[in-house]
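Fold and geometry: a report
The chain contents come next:
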Amino acid sequence: FQDGGLAGAAGAEDQLGVTRQQREADVAQDHLLVERKVHLVEYDNRRPGSEGASLAIVARDGAAAEAVAQQLQGTGSRALALAADITDPGAVAAAIEATLAAFARLDVLVNNAARALKGNLEQTEPEDWQSELDGTLTGAFLVTRAALVPMLKEGRAAIVNIGSVNGLMTFG
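In this report, we go over the structure that sits alongside the text.

Scoring rules and cut-offs
Residues numbered from 1 in each chain as written. Predicted model: local features only at pLDDT ≥ 70, side-chain atom pairs only at ≥ 80, totals over all residues. Heavy atoms only, no water. Pairing = 2+ DSSP bridges. Helix = DSSP H or I, 4+ residues; strand = E, 2+ residues; numbered from the N terminus. Salt bridge = Lys/Arg side-chain N within 4 Å of Asp/Glu carboxyl O. Buried < 20%, exposed > 50% of the residue type's maximum accessible area, 1.4 Å probe, protein only. Expected span 1.5 Å × (residues − 1). Arc of directions from axis to C-beta. Contact = heavy atoms within 4.5 Å. Polar contact = N/O pair within 3.5 Å; in protein donor to acceptor, adjacent residues only side chain to side chain. Patch = residues over 30% accessible without salt bridge, like charges linked within 9 Å, V, L, I, M, F, W, Y side chains within 5 Å. Areas by Shrake-Rupley, 256 points an atom, 1.4 Å probe, with all protein chains shown as cover. Bend = angle between axes of the 7 residues up to and from the residue.

**Details of the pairing of strand β5 (residues 158-161)**
- Taken together, the four bridges between strand β4 (residues 108-111) and β5 define a ladder with parallel strand orientation. Each residue of the ladder has a partner; that of V108, found in β5, is A158.

See below:
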């Protein structure tokens, strides 16, 4: 069909093997959180989810990741809990490998990890500032870099970066 690059009958497939019905279903839903997609989500107390999706939940706190994975499984999603420090390149690589081992692919990455500074700028110690940068920026960089190659193999992928609340705060 014209809009999605598919020609011919409703059951025809495009060059990637996607039928018109599949394409229309994907367009009809939020294209970042749909069934048949595999997501890797950095968790920080906000409940991610998509019914019918496969999700790898990555958190420093393995028990928190497991609790979220169990909640998601109750909605019909396939969920994998992974404990990893996203500021450690080796831990990030292991999380990506575990995701690929469990689900065979990775379609969506949600960089959602953040640390919140407490107090104003005068009260912020340099090590707290560095921890914020490492957890928010460096972690997103490391996870995105590690996930990029397997995601590109799928031909279509999405990366969602959720910003820190600190972007909305004043430190004066």
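More follows now that the structure is in view.
**Quick notes on the pattern of salt bridges**
- By the definition in use, this model includes one salt bridge.
- One salt bridge in this structure joins R105 and D107, with 2.8 Å as the shortest N-O distance.
- In this structure D107 comes out as buried when scored by relative accessible area, which is 5%.

**Digging into unusual backbone geometry**
- Within the chain, A104 stands out as a residue other than glycine whose phi angle is a positive 70 degrees.
- Checked against the element boundaries, A104 lands in the loop between α3 (89-103) and β4.
- A relative accessible area of 64% places A104 in the exposed class.

**Re the side chain of T99**
- With respect to the secondary-structure elements, T99 resides in helix α3.
- Taking the relative accessible area as the measure of exposure, T99 reaches 0% and is therefore buried.

**So, helix α2 (residues 62-73)**
- Between its first and last C-alpha atoms α2 spans 16 Å; for 12 residues at 1.5 Å apiece the expected length is 16 Å, and the two agree.
- Within α2, the full set of buried residues consists of A65, V68, A69 and L72. Taken around the axis of α2, the buried residues stretch over an arc of 105 degrees, which confines them to a single face.
- Among the structural elements, β2 (54-59) and β3 (78-83) are those in contact with the buried residues of α2.
- Two or three places before A63, at the start of α2, stands the capping residue D61, its side-chain oxygen 3.0 Å from that residue's backbone nitrogen.

**Focus: the environment of T136**
- Along the chain, T136 falls in helix α4 (residues 126-153).
- Residues T136 and A113 lie 23 residues apart in sequence; the distance between their C-alpha atoms is 6.1 Å.

**Here we look at a nonpolar patch on the surface**
- Among the surface-exposed residues, L148, L152 and I159 lie close enough to one another that they form a single nonpolar patch of about 270 Å² accessible area.
- Within the fold, L152 resides in helix α4.
- In this structure L152 comes out as exposed when scored by relative accessible area, which is 60%.

**As for the environment of D128**
- With respect to the element layout, D128 can be found in helix α4.
- Residues D128 and A116, 12 residues apart in the sequence, show an inter-C-alpha distance of 9.4 Å.

**A short note on α4**
- Helix length check: α4, at 28 residues, gives a terminal C-alpha distance of 40 Å against a target of 40 Å (1.5 Å per residue), a fit within 8%.
- At A147, α4 is bent by approximately 40 degrees, the largest bend along its length, and proline P150 sits one to four residues beyond.

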